[in-house]
Amino acid sequence: MTLPSAPRIEPSILSADFANMQRDLERIAGADLVHVDVMDNHFVPNLTFGPQMVERVQAVSPIPLDVHLMIADVDRWGPGYAELGAASVTFHAEATADPVALARRIRSIGSRAGVALKPGTPIDDIAANLDEFDQVLVMTVEPGFGGQSFMADMMPKLAALRAEAKRRGSSVWLQVDGGIAPGTIEQAAAAGADSFVAGSAVFGADDIDQRIRDLRDLARTHMH
Ligand code: DX5
Ligand code: ZN
C-alpha cells in the first residue's frame, strides 16, 4: 500500500452522518486517510462503533483507514482492527501496560502502529521507545467528542517529540486530533505535526473538498 506524504489531512467520520456513511466517505475522497474513532463508552464517555462497522468502512472507503481506538482492554481488542486490514491502528498509551508489546503485535499483523497520548499523559515513555511506533498521536482535546476547543498548550509536547524524532532520524508520523481547523492547524504544523485529524472543520464546511485543500495548504506553509 502506498501511503500519502505529509502533510496528511485525515477527516474524522465522528462528524459524518452515520446514516449516510458511504456517501460521506465519498465526499472526503480527496483527503489522505479517513480517521475512524472507535469508542467503547468505558475508556471515554461516548460510544461509536466496533469491528463490524470498521470492516464495512474499510470495504467501501476510497482512501486508507487510520483507526483511533479509544477503548479499554486494548491488548485484547486492538489487534483485531489490524486484522481487518486498516492501514494504521492507534491505541491509547493509558489503556495498556505495555505499549511497545502491543505496537509490535499490530506491526506483525501488517498495520502501522500508532500510540495516542491524552492531554495529561507525558511523552517520556513513548519518546524513549520512539522507533517502536509508526505514529504518535498528541491529543489536542480530551478524547471522547468532536467539536471541542483546540488545546494550544499541547504544542510543547509535539515540539519535544519532533525534536526527538529528528535526533533519531526517525520517520515516525506525528499526528494531532481535536479542534483542528483553519486558525489552529498552523500552530500544530509549526510545532511539528505532519498528520492532521479534523472532524467538524471538514464535515461542517459548505465545500468539503475545498476545506481539505485549504487545511493541507495551511499545514504545508507552516511546517518546517
Ligand atoms: C475526539 C476524536 C476526534 C474528533 C475530532 O475524541 O478523537 O477524532 O472527531 O473532532 P473535531 O475535529 O471536531 O475536534
Ligand atoms: Zn480521533
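Up top is the structure these notes are about.
Since this is a predicted model, take the numbers as computed values, not measurements. (Residues numbered from 1 in each chain as written. Chains lettered and ligands numbered in written order. Predicted model: local features only at pLDDT ≥ 70, side-chain atom pairs only at ≥ 80, totals over all residues. Heavy atoms only, no water.)

Peer 1: Break down the site of ligand 1 for me, citing the residues and quoting the values.
Peer 2: Among the 20 residues in the neighbourhood of ligand 1, the closest are listed as Asp37, Gly144, Asp177, Gly199 and Ser200. Between an oxygen atom of ligand 1 and a main-chain N or O atom of Gly144, the distance comes to 2.7 Å. Gly199 is positioned with one of its backbone polar atoms (N or O) 2.7 Å from an oxygen atom of ligand 1. Here ligand 1, which alone exposes 380 Å², has 100% of that area covered by the protein. Counting residues per element, the shell around ligand 1 draws most heavily on strand E2 (residues 34-39), which supplies 3 residues. Class assignment for the residues of the shell around ligand 1 results in 8 nonpolar, 10 polar and 2 charged. (Near = heavy atom within 4 Å. Polar contact = N/O pair within 3.5 Å; in protein donor to acceptor, adjacent residues only side chain to side chain. Areas by Shrake-Rupley, 256 points an atom, 1.4 Å probe, with all protein chains shown as cover. Helix = DSSP H or I, 4+ residues; strand = E, 2+ residues; numbered from the N terminus. Nonpolar A, V, L, I, M, F, W, Y, C, P; charged D, E, K, R; others polar.)

Peer 1: Please provide a residue-by-residue account of the packing of aromatic side chains, values included.
Peer 2: The description of an aromatic ring pair uses the distance of the two centres, along with the angle that the planes make with each other. Applying the stated criterion across every chain yields a total of 1 aromatic pair. The aromatic ring of Trp173 is capped on one face by Arg112, whose charged end is 3.7 Å from the ring centroid. A cation over a ring is seen here: Lys118 above Phe43, with NZ or CZ 5.1 Å from the ring centre. (Phe/Tyr/Trp six-rings, centres within 6.5 Å; stacked < 30°, edge-to-face > 60°. Lys NZ or Arg CZ within 6 Å of the ring centre and 35° of its normal.)

Peer 1: How would you summarise the coordination of the zinc ion (ligand 2) if you had to cite specific residues and measurements?
Peer 2: The protein atoms that coordinate the zinc ion (ligand 2) are His35 (NE2), Asp37 (OD), His68 (ND1) and Asp177 (OD), at distances of 2.1 to 2.3 Å. Taken together, the 6 donor atoms coordinating the zinc ion (ligand 2) span angles of 71 to 172 degrees at the metal, a pattern that classifies the geometry as octahedral. Going along the chain, you hit the donors of the zinc ion (ligand 2) in the pattern H-x1-D-x30-H-x108-D. Separated by 33 residues along the polypeptide, His35 in strand E2 and His68 in strand E3 (residues 65-70) bring together distant segments of the chain. In terms of burial, His35 and His68 fall into one category: buried. (Donors = N, O, S within 2.8 Å, 3.2 Å for Na, K, Ca; no water. Tetrahedral: all angles 85-135°; square planar, octahedral: opposite > 155°, others 65-115°. Buried < 20%, exposed > 50% of the residue type's maximum accessible area, 1.4 Å probe, protein only.)

Peer 1: Lay out the pattern of salt bridges in plain terms, naming residues and giving numbers.
Peer 2: Scanning the model with the defined rule gives 12 salt bridges in all. Across the pair Arg8 and Asp194 runs a salt bridge, and its minimum N-O distance is 3.3 Å. Highlighted residues: Arg8 in strand E1 (residues 8-11) and Asp194 in the loop between helix H7 (185-191) and strand E8 (195-198), separated in sequence by 186 residues. When sorted by exposure, Arg8 lands in the same class as Asp194, which is buried. A salt bridge links Arg216 to Asp32; the shortest N-O distance between them is 3.1 Å. Linking Arg216 in helix H9 (residues 208-222) with Asp32 in the loop between helix H1 (21-27) and E2, this pair joins segments that are 184 residues apart in sequence. Under the relative-accessibility criterion, Asp32 is labelled buried at 12%. Taken together, the shared-partner salt bridges connect Asp17, Arg23, Asp24 and Arg27 into one network. (Salt bridge = Lys/Arg side-chain N within 4 Å of Asp/Glu carboxyl O.)

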